[in-house]
Amino acid sequence: MSWLKRERAGIKGTKTPGVEVPEGLWTKCDGCGEALFQKVLEEHLWTCPHCGHHFRVPARTYLGLLVDEGSFSERDAGLQAGDPLGFRDARMRYPDRLKAAQQETGLKDAAVSGVATIGGKPVAITIMDFFFMGGSMGSVVGELVARSIERAIDERRALVLVSATGGARMQEGILSLMQMAKTSALLARLQDQRLPFLSILTDPSTAGVLASYASLGDVILAEPGSLVGFAGARVIRQTIGEDLPPGFQRAEFVLEKGFVDRIVPRQRMRDEVSQLLEFFWRSTRGFARDGDGSPHAFHPHPPAAGGGVQAGPGSR
Amino acid sequence: MSAWLDFEKPVFELEQKIEELRAQAQGREAAAQLGELERQAETLRREIYANLTPYQRVQLARHPKRPYALDYVEHCFHGWLELHGDRHFGDDPAIVAGLAFLDERPVMVIGQQKGRDTKENLLRRFGMANPEGYRKALRLMQTAARFRMPIVTLVDTPGAYPGLGAEERGQAEAIAVNLREMARLTVPIVTVVIGEGGSGGALAIAVADTVLMLENSIYSVISPEGCASILWRDGKKGPLAAEALKLTAADLERLEIVDGVLPEPIGGAHRDHAAAAATVRQALRRHLEALSGVPEEELVARRLQRYRRMGVFRDGAESPA
Ligand SMILES: [Zn+2]
């Protein structure tokens, strides 16, 4: 994985993602400063075996950690950003910035969408990628999330959204802002349909994304130490003219304040998500369209989940 | 008056000259001179205000004399009764909310309220709401829906308040919940951006069936200064960022994000509060009337559709790039 090395060394976008890194390369941990071999890191799912620091990982890596092996089938992979504003900043045009990010990450935009199973339960999933323009949400990310919500409704799947983002994408201006309304409005429909939505917050989960779908999960799980907040720390410091308390806007702080349900280490994430889905699966008799007419009935033998790559849930 | 913007000054000075002349001068010669000056002023006004740069619009949107939410409340409605508090934590004066009549129709009015002076802004935080402000707004919008009252929201905020307490009390959650819940309110919602539409903090009271903007208002994902400090690494490049962000009312109409632009009195809404409010009142009347017959389910479905279609992208699956 070239991104780790690149991040440490501060080298910008020279490596193609997916190129094998020779064994023996090491990375210094941001948490404790310990030198970690690439292979050791990988074995620990990109967390530090000494201090537990969670490294940021690309969307496809996270996908591999979360869904059942071989169950993922990508959807909407062809979506590409336009340039509705003809945006140009001090250094480059937005389309050029996109192209650079695409070359660097091998992604079309800052998220990957599809269907999969987790613990055998069918999910519609979108995972954000912080390495693509800071995981910013523009029209494509908004559309990927929107289509995942609709897919969850159409195919009776649970919705899983994994955030890794600095917020809305400035280069698409007001259209980025409107993705917040678009996704949140669709989540009202998902709620009406009694389909579970698990929101997973990784480092960082901030600003416009946190102020829309990321905060609306039926259950919100956060990775330890991840930055979770609305406004930037620098802006807050300027506004209030004081230093911020230690641990401010970290997942543990946000848990204490009551805005996430659980802090879940990466090693436990798949299991906890599976366990949560099991509860919802049983209570709805397999994410059924209409419950079964008796909302409080207990079903000792829920139907088996689809399990296959593209199989729909066996709810009917 | 220090409240005049740089580009307003020539007009203001000419107008002052006219006033002085009018006060002193008499006779035909003076009248001719007055007429000439007034023609000059008119031409100057037209030239300046027809060719405003985006950043000049930003300045007008933030003009300290611009009518604020409560000014529109005073001019557009009657019987205003303000209601307070989110029922959980406190009352946030950065958002005002209450009942009023628009003609004979009871409506719920929600607005971000800036302060006129330093003391008032200490209280209202320049219209930047805390979570309890957004929760008060939602509480009262839901009350309105229960009693079949249309909702009018007036947007005028630099953004949600970036404070320690705001974060502790869930600023992001408060905004997110408003976005989701406004999407399913079963009564008509009309939003007017009257000044600054600052990002998520504005959107949190602006998920509506009809969204209108005053001619010199702005609506943006980030302030031009904030954008400039990130993408230009220089907060003083705000004018460049303002241009790039396409944040004027005309831009937003072109991008099909808003449904209409309301003209302001020449020189801007601050030149004539009553005239600006009259335009707003008329628009509210018209749009609420148009929405009043729509069945609840259709209203909610249409509102969802309004936002569902927003976004610009290509689908490579359909036409490979
Ligand atoms: Zn470490």
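Residues numbered from 1 in each chain as written. Chains lettered and ligands numbered in written order. Predicted model: local features only at pLDDT ≥ 70, side-chain atom pairs only at ≥ 80, totals over all residues.

### Overview of the confidence of the model for chain B
As a reminder, the rule being used: A residue's pLDDT is the predictor's confidence in that residue, given on a scale from 0 to 100.
On average, residues of chain B carry a pLDDT of 95, and 98% of them reach 70 or more. Among the prediction metrics, the complex's ipTM stands at 0.96, with pTM recorded as 0.92.

### Things to note about the interface of chain B and chain A
For the record, the criterion: C-beta atoms are placed from the backbone for every residue, and two residues are taken to be in contact when these atoms lie within 7 Å. Think of it this way: any DSSP run of H or I at least four residues long counts as a helix, any run of E at least two long counts as a strand, and we number them from the N terminus. For this scheme, ten residues count as nonpolar: Ala, Val, Leu, Ile, Met, Phe, Trp, Tyr, Cys and Pro. Four count as charged, namely Asp, Glu, Lys and Arg, and the remainder, Gly too, count as polar.
Counting from both sides, the interface comprises 46 residues of chain B and, opposite them, 49 residues of chain A. Those elements giving two or more residues to the side of chain B that touches chain A turn out to be helix H7 (164-168), helix H8 (171-182), helix H9 (199-203), strand E7 (218-220), helix H10 (224-232), helix H11 (238-245), helix H14 (296-308) and strand E9 (313-315) of chain B. When residues in the side of chain B that touches chain A are grouped by element, the largest group, seven residues, is from H8 of chain B. When grouped by side-chain class, the residues that make up the side of chain B that touches chain A number 29 nonpolar, eight polar and nine charged.

### Observations concerning the UniProt feature "domain: CoA carboxyltransferase C-terminal" (unreviewed entry) in chain B
Applied cut-off: UniProt positions are given in the numbering used here, feature names are shortened, and annotations may be inferred rather than shown by experiment.
UniProt's feature table lists "domain: CoA carboxyltransferase C-terminal" (unreviewed entry) at residues 36-290 of chain B, given in the numbering used throughout. Helix makes up 46% of residues 36-290 of chain B and strand 19%. Its end C-alpha atoms lie 45 Å apart.

### What to know about unusual backbone geometry
Note the cis peptide between aspartate 203 of chain A and proline 204 of chain A, where omega equals -10°. Turning to its location among the elements, proline 204 of chain A is positioned in strand E8 (residues 197-206). Positive phi values are uncommon outside glycine, yet lysine 246 of chain B reaches one of about 55°. With respect to the helices and strands, the residue lysine 246 of chain B is situated in the loop between H11 and helix H12 (249-254).

### Some points on the nonpolar core
The cut-off we apply is this: Defined on buried residues, the nonpolar core groups Ala, Val, Leu, Ile, Met, Phe, Trp, Tyr and Cys residues joined through C-beta atoms within 7 Å. Counting other C-beta atoms within 10 Å of a residue's C-beta gives its exposure: the residue is buried at 20 or more, exposed at 12 or fewer, and partly exposed in between, where C-beta atoms are placed from the backbone.
Ranked by internal contacts, the top residues of the largest apolar core, which has 181 residues, are Leu159 and Val160 of chain A together with Ile110, Met141, Ile151 and Leu179 of chain B. Other than its neighbours up to four places away in sequence, methionine 141 of chain B contacts Met108, Ile110, Ile151, Met182 and Leu185 of chain B.

### Digging into the UniProt feature "coiled-coil region" (unreviewed entry) in chain B
Under the UniProt annotation, "coiled-coil region" (unreviewed entry) lies at residues 11-47 of chain B. As a span, residues 11-47 of chain B carries 92% helix and 0% strand, and end to end its C-alpha atoms are 10 Å apart.

### Structural notes on the pairing of strand E7 (residues 158-165) of chain A
All names here are of chain A. Heads up, the rule is: Strands were regarded as paired on the criterion that DSSP finds at least two bridges between them. Orient the strands so they point away from the viewer, and a crossover whose first-strand-to-second-strand path over the helix runs clockwise is right-handed.
Of all the eight residues making up E7, eight are buried; the element is thus mostly covered by neighbouring parts of the structure. In terms of strand pairing, strand E6 (residues 121-128) meets E7 through five bridges, oriented parallel. In the strand pairing of E7, isoleucine 125 is matched with valine 160. Crossover handedness for the path E6 to helix H5 (residues 139-155) to E7: right-handed. As defined by bridge partners, E7 adjoins E8 across six bridges and the pair is classed as parallel. Paired with valine 160 across the strands is leucine 198, a residue of E8. Assessed by its sense of winding, the connection that carries the chain from E7 through helix H6 (residues 173-192) to E8 is right-handed.

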